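# Observations on the three-dimensional arrangement
So you can see what is in the structure, the chains are spelled out below.
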Amino acid sequence: QVQLVESGGGSVQAGGSLRLSCTTSQYVYSNYCMGWLRQAPGKEREGVASIDRDGNTRYADSVKGRFTISKDNAKKILYLQMNNLKPEDTAMYHCAADPWCRAVEESGYWGQGTQVTVSS
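Moving on, we come to the nonpolar core. Of all hydrophobic cores here, the largest spans 29 residues; its most connected members are W36, L80, M82 and Y93. At the level of secondary structure, the elements contributing two or more residues to this core comprise β3 (18–23), α1 (26–31), β4 (33–39), β5 (46–51), β7 (67–72), β8 (77–82), β9 (91–98) and β11 (114–119). Examining the composition of this core, we find that four residues originate from one element, β9, more than from any other. Sequence-distant contacts of Y93, defined by excluding residues within four places in its chain, comprise E6, L20, L37, R38, V48, F67, L80, M82, G113, T114 and V116.

A complete count under the given rule lists two disulfides for this structure. C33 shares a disulfide with C101; S-S distance 1.9 Å. Judged by the torsion about the S-S bond (85 degrees), the C33/C101 disulfide is right-handed. In this pair, C33 is assigned in strand β4 and C101 in the loop between β9 and β10 (109–110), connecting sequence segments 68 residues apart.

Turning next to unusual backbone geometry. With a phi angle near 55 degrees, K76 is a residue other than glycine that sits in the positive phi range. Within the secondary structure, K76 sits in the loop between β7 and β8. Accessibility expressed as a relative area gives 27% for K76, which makes it partly exposed. Non-glycine residue C101 carries a positive phi angle of around 55 degrees.

This structure, assessed with the given rule, holds six salt bridges. The closest approach of N and O atoms between R38 and D89, which form a salt bridge, is 3.0 Å. Of the two residues, R38 is situated in strand β4 and D89 in the loop between β8 and β9; the sequence distance between them amounts to 51 residues. Among the residues examined, R38 registers a relative accessible area of 7% and is labelled buried. A relative accessible area of 1% places D89 in the buried class. Across the pair K64 and D61 runs a salt bridge whose closest N-O atoms are separated by 3.1 Å. Salt bridges linked by common partners bring R38, E46, R66 and D89 together as one network.

Calculation notes
Residues numbered from 1 in each chain as written. Predicted model: local features only at pLDDT ≥ 70, side-chain atom pairs only at ≥ 80, totals over all residues. Heavy atoms only, no water. Core = buried A, V, L, I, M, F, W, Y, C linked by side-chain atoms within 4.5 Å. Buried < 20%, exposed > 50% of the residue type's maximum accessible area, 1.4 Å probe, protein only. Helix = DSSP H or I, 4+ residues; strand = E, 2+ residues; numbered from the N terminus. Contact = heavy atoms within 4.5 Å. Disulfide = S-S within 2.5 Å. Salt bridge = Lys/Arg side-chain N within 4 Å of Asp/Glu carboxyl O.

These figures come from the coordinates and say nothing about function on their own.
Right, here's the structure in full:
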């Protein structure tokens with residue numbers, strides 16, 4: 001099975017920043033499309049950001065201009081830099097991977113998640 005391990009979550013005040021990290025196997029990192037999704041109580045799961053093999057990125061409208069997805073190929077780590085955080089960003093954030101590069105919210109594999117809590 002595909003293993004995805006997230007870290008970097010925490011509690012911050014509105015306007016603050018966090019950087020989430022995701023580690024996985026070399027094979028998944030190099031061959032799967034990867035991204036981030038989030039899930040909060042009372043809300044539908046939302047695909048936050050994705051990155052393809054060419055480095056092209058896509059973002060949900062709700063995070064455009066504030067979040068940046070990137071990959072460090074030397075360390076083989078997927079990141080989500082989150083700036084100007086808002087209370088509505090509060091959610092469990094999951095790293096996701098999919099060999100078919102489907103929409104991130106439909107990815108075949110999710111990690112356990114890391115909690116992000118933003119207070120006003």
